[in-house]
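Close look at the chain arrangement
Now for the letters of each chain:
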Amino acid sequence: SPMELTAKYPEILDKKLPLHLIWGDSDVVTPINGDVGQFYCDRVANNRGGKGMTTIDVVSAGHVLFDDNPSDTNSALLRWINKRVL
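This text gives an overview of the structure that appears in the document. (Residues numbered from 1 in each chain as written. Predicted model: local features only at pLDDT ≥ 70, side-chain atom pairs only at ≥ 80, totals over all residues. Heavy atoms only, no water.)

Bringing a nonpolar patch on the surface into the picture now. A cluster of nonpolar side chains, contributed by L5, Y9, I12 and L17, occupies part of the molecular surface with about 360 Å² of accessible area. Within the fold, L5 resides in helix α1 (residues 2–8). On the basis of relative accessible area, L5 is assigned to the partly exposed category, the value being 45%. (Patch = residues over 30% accessible without salt bridge, like charges linked within 9 Å, V, L, I, M, F, W, Y side chains within 5 Å. Areas by Shrake-Rupley, 256 points an atom, 1.4 Å probe, with all protein chains shown as cover. Salt bridge = Lys/Arg side-chain N within 4 Å of Asp/Glu carboxyl O. Helix = DSSP H or I, 4+ residues; strand = E, 2+ residues; numbered from the N terminus. Buried < 20%, exposed > 50% of the residue type's maximum accessible area, 1.4 Å probe, protein only.)

Before going further, it helps to examine the nonpolar core. Of all hydrophobic cores here, the largest spans five residues; its members are I22, V59, A61, L65 and A76. With residues near it in sequence (within four places) discarded, A76 still touches H20, I22, D57 and V59. (Core = buried A, V, L, I, M, F, W, Y, C linked by side-chain atoms within 4.5 Å. Contact = heavy atoms within 4.5 Å.)

All right, on to helix α3 (residues 35–45) then. Given 3.6 residues per helical turn, the α-helix brings residues three or four places apart onto the same face. Among the residues making up α3, those that are buried are G37, F39, Y40 and R43. Relative to the axis of α3, the buried residues are bounded by an arc of 160° and lie together on one face. Across α3 from its buried face, at more than 90 degrees, point the exposed residues D35 and A45. On its buried face, α3 sits against α1, α2 (10–15), β1 (19–24) and β2 (54–59). In the segment just after α3, N47 is the residue with positive phi, at about 50°. (Arc of directions from axis to C-beta.)

Everything listed here is a matter of coordinates, which is why it stays silent on function.
Structure (structure tokens):
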């Protein structure tokens, strides 16, 4: 699980690896209010990844974001890339 990986590799996942999640607001496979979603929401809200390393965008989609809403999903990804890389 993401929780186990974060506990196992905190030096990489907390300090070196930026992580941007794009979540579907209608995802029934991994809902944002489920365990995994809440784990990541807590990381963002409490800056547990340090220096804003973990960020989340929520788009109108289900679990398969790029099929359900490619326009908003790609826009969210490009905004993050432009902020982090360019």
